[in-house]
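One-letter residues, chain by chain:
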Amino acid sequence: MTCLLALDQGTSSSRAIVFDLAGQVLATAQREIRQSYPEPGWVEHDALEIWQTQLNCARQALAEAGLTARDVAAIGIANQRETTVLWDRSNGRALAPAIVWQDRRTVPECEHLRAAGYAGLIHSRSGLEVDAYFSATKLAWLLDRVPDARRRAEAGELAFGTIDSWLVWQLTGGRHHVTDVSNASRTMLFDIHRQCWDADLLALFRIPAAVLPEVVATSGVLGETAPELFGAAIPIGGLAGDQQAATFGQACLAPGSAKNTYGTGCFLMLNTGAQPVASRHRLLTTLGWRIGDPPGARTDYMLEGSVFIGGALVQWLRDGLGLIERAADIEALAGSVSDSNGAVLVPAFAGLGAPYWDGYARGILVGLTRGVTRAHIARAALDAIALQTVDLVDAMNKDGAGPLTELRVDGAAARNNLLMQIQADLLGVPVIRPRQTETTALGAAYFAGLAVGVWNTAEELAAHWQAERIFTPARSADWRLAHLHEWHRAVERARGWAAR
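Student: Looking at this structure, how should I read the overall build of the protein?
Tutor: Helices and strands together make up the secondary structure of the protein, namely 16 helices and 23 strands. Relative to its length of 500 residues, the protein is compact, with a C-alpha radius of gyration of 21 Å against a globular reference of 23 Å. Dimensions of the protein, computed from the C-alpha atoms along their principal axes, are close to 60 × 50 × 40 Å. For the protein, the residues scored as buried account for 61% of the 500 residues in total.

In structure tokens, the structure reads:
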């Protein structure tokens, strides 16, 4: 066995990366997936397209590496979280489009739950805020609206899963219906303390237990791929939500260590160790990973702040406004001016995540004068990505989980040097970009490698992590506070915009 295969299924693309046993990339394949917006606030994927693109990427990456299934020690999977699929157990076909984590169609249901006083129960058991972001209300929506779905789910004919479960079902030819603790903890149906599905939450959301996957370890062999897919069976040894995988890939293994991923959204995760920490400032308490099975399992918990629109803002400037031709052009355009000339952009296209949790917020661009150019708007976009992250770090510090002394970064937008410098200036702490920025896929590979004995302990992996560049703060505290003040003024104007 000479390699590990990581499947990285994200919001905008499916990817596969072949790593050698030292964690170095041997080959990569990537294919974009379509997003559909059938109604305002709705976001959907074709679940079959997700599976087909992910399978094709895996095959392509192995071929480009010149390897076969027999060379692969194990497969690790990292996936976009919360996105909800409901399928027929008899044929493996999805009954409806997948409802993406960004989708806001169930905001009114979440408002009703809060008004009825259920937020405390949900938070104490699941560690989550009541929000349409998570899977529970999405699944309830499908069961209520797909013809005969609720009866069939209760009869055990249907299967629910987030993207990890969907991929494993397809990879194993329907032999395994599973999810791991990191993904289960993003559903609003899972007790993160007892690490099991919660009967009270299932009753609250009217979810039949028969539709749920079995919960397994993040690192541990859960089954094998169907031999016909790759020419031989391959063990599946790692299963993790993408942000947990990235945290592991960044070697944030000690309590107090943190990373931020700049992908479609931005996701800040801070390791709090073996005990969950309840947030008083509307962050999420979530499971990072469980390595192995009880009684000797290692479990790490996280505090997380979730920003819904990060790199997607750059895509909007490209595709929606036509300000740039390629996403990479944003750095040069924004860098052609020294600041945003007073413009402030709040990218609340899908509402606001932590620490606001406002499903009715909408995007705004304020502070415009005739002197504001496309370059200033580009600069305001980078500022917005960084400022949203500052709100998350400030909330973590108020929760007593800080103060943060450094921030490790990854994701496509982390390659933008100007954005990373802006981030360091606004945070007032060093921002560190690793040599290996494919940390989500790397984390999935690490989980898989641990499961099959490529490495014996998680701590062995820390030696693989190396910094590529450190961005040091170069602005004063007064400058930071002034920018935060203007940002918060704009955020207040964006909040509640779509409320009826």
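Student: I keep staring at the packing of aromatic side chains and nothing clicks. Help me out?
Tutor: Here a ring pair, both rings aromatic, is described through the centre-centre distance and the interplanar angle of the planes. Evaluated as defined, the whole model comprises 18 aromatic pairs. Ring geometry for Phe248 against Tyr446: centres 6.4 Å apart, planes inclined by 75°, an arrangement best described as edge-to-face. Residue Phe248 is located in helix 10 (residues 242-249), and its partner Tyr446 is located in helix 15 (residues 439-451); the two are separated by 198 residues in the primary sequence. For Phe248, a relative accessible area of 1% translates into the label buried. Here Tyr446 falls in the buried class, since its relative accessible area comes to 3%. An aromatic cluster of at least three residues, connected via ring pairs, comprises Trp101, Tyr133, Phe134, Phe267, Phe308 and Trp357.

Student: How do you make sense of the nonpolar core when you look at a structure like this?
Tutor: Within soluble globular proteins, side chains that are nonpolar generally end up buried alongside one another. Among the nonpolar cores identified, the biggest contains 113 residues, and Leu86, Phe205, Ile207, Val211, Tyr262 and Val346 are the most heavily contacted of them. Broken down by element, the residue count for this core peaks at 15 residues, all from helix 13 (residues 374-398). Beyond its immediate chain neighbours, meaning those up to four positions away, Val211 contacts Leu86, Arg89, Leu139, Ala153, Leu158, Ala159, Phe160 and His177. Of all hydrophobic cores here, the second largest spans 40 residues; its members include Ile33, Ala69, Val85 and Ala232.

Student: Any chance you could explain the packing of helix 10 against helix 15 here in plain terms?
Tutor: How two helices sit against one another is set out by the angle between their axes and by the gap between those axes. Taken N-terminus to C-terminus, the directions of helix 10 and helix 15 make an angle of 80°; their axes are 7 Å apart at the nearest point. Considering the angle they form, helix 10 stands roughly perpendicular to helix 15. Contacts between helix 10 and helix 15 involve Asp242, Ala245, Ala246, Phe248 and Gly249 from the first element and Thr439, Thr440, Leu442, Gly443, Ala444, Tyr446, Phe447 and Leu450 from the second.

Student: Honestly, the pairing of strand 2 (residues 13-20) in this entry has me stumped. Any pointers?
Tutor: In summary, the side chains of a regular strand alternate between the two faces of the sheet. For strand 2, the buried fraction is high: 7 of the 8 residues fall into the buried class. Count of turn residues in the strand 1 (residues 3-9)/strand 2 antiparallel hairpin: 3 residues. Across 7 bridges, the pairing between strand 2 and strand 3 (residues 25-32) is antiparallel. Considered in strand 3, the bridge of Arg15 is made with Gln30.

Student: What exactly am I supposed to notice about the state of the cysteines here?
Tutor: Within this structure, the stated rule accounts for 0 disulfides. Here Cys57 stays free of any disulfide, with the sulfur of Cys3 as its closest cysteine sulfur at 16 Å. Taking the relative accessible area as the measure of exposure, Cys57 reaches 0% and is therefore buried. The closest cysteine sulfur to the non-disulfide-bonded Cys266 is located on Cys252, 16 Å from its own sulfur.

Student: What's the story with the pattern of salt bridges in this structure? I'm lost.
Tutor: Should their charged atoms come close, side chains of opposite charge can pair. Taken as a whole and assessed by the stated rule, the structure comprises 34 salt bridges. Of the charged contacts in the structure, one is a salt bridge between Arg34 and Glu49, with a shortest N-O distance of 3.3 Å. Highlighted residues: Arg34 in the loop between strand 3 and strand 4 (44-45) and Glu49 in helix 1 (residues 47-65), separated in sequence by 15 residues. For Arg34, a relative accessible area of 56% corresponds to the exposed category. By sharing partners, the salt bridges in this structure join Arg81, Glu82, Arg186, Asp242 and Glu304 into a single network.

The rules behind these values
Residues numbered from 1 in each chain as written. Predicted model: local features only at pLDDT ≥ 70, side-chain atom pairs only at ≥ 80, totals over all residues. Heavy atoms only, no water. Helix = DSSP H or I, 4+ residues; strand = E, 2+ residues; numbered from the N terminus. Rg over C-alpha atoms; globule rule 2.2 N^0.38 Å. Buried < 20%, exposed > 50% of the residue type's maximum accessible area, 1.4 Å probe, protein only. Phe/Tyr/Trp six-rings, centres within 6.5 Å; stacked < 30°, edge-to-face > 60°. Core = buried A, V, L, I, M, F, W, Y, C linked by side-chain atoms within 4.5 Å. Contact = heavy atoms within 4.5 Å. Axes fitted to C-alpha atoms, helices over the stretch in contact; angles between N-to-C directions. Parallel < 35°, antiparallel > 145°, perpendicular 65-115°, else oblique. Pairing = 2+ DSSP bridges. Disulfide = S-S within 2.5 Å. Salt bridge = Lys/Arg side-chain N within 4 Å of Asp/Glu carboxyl O.

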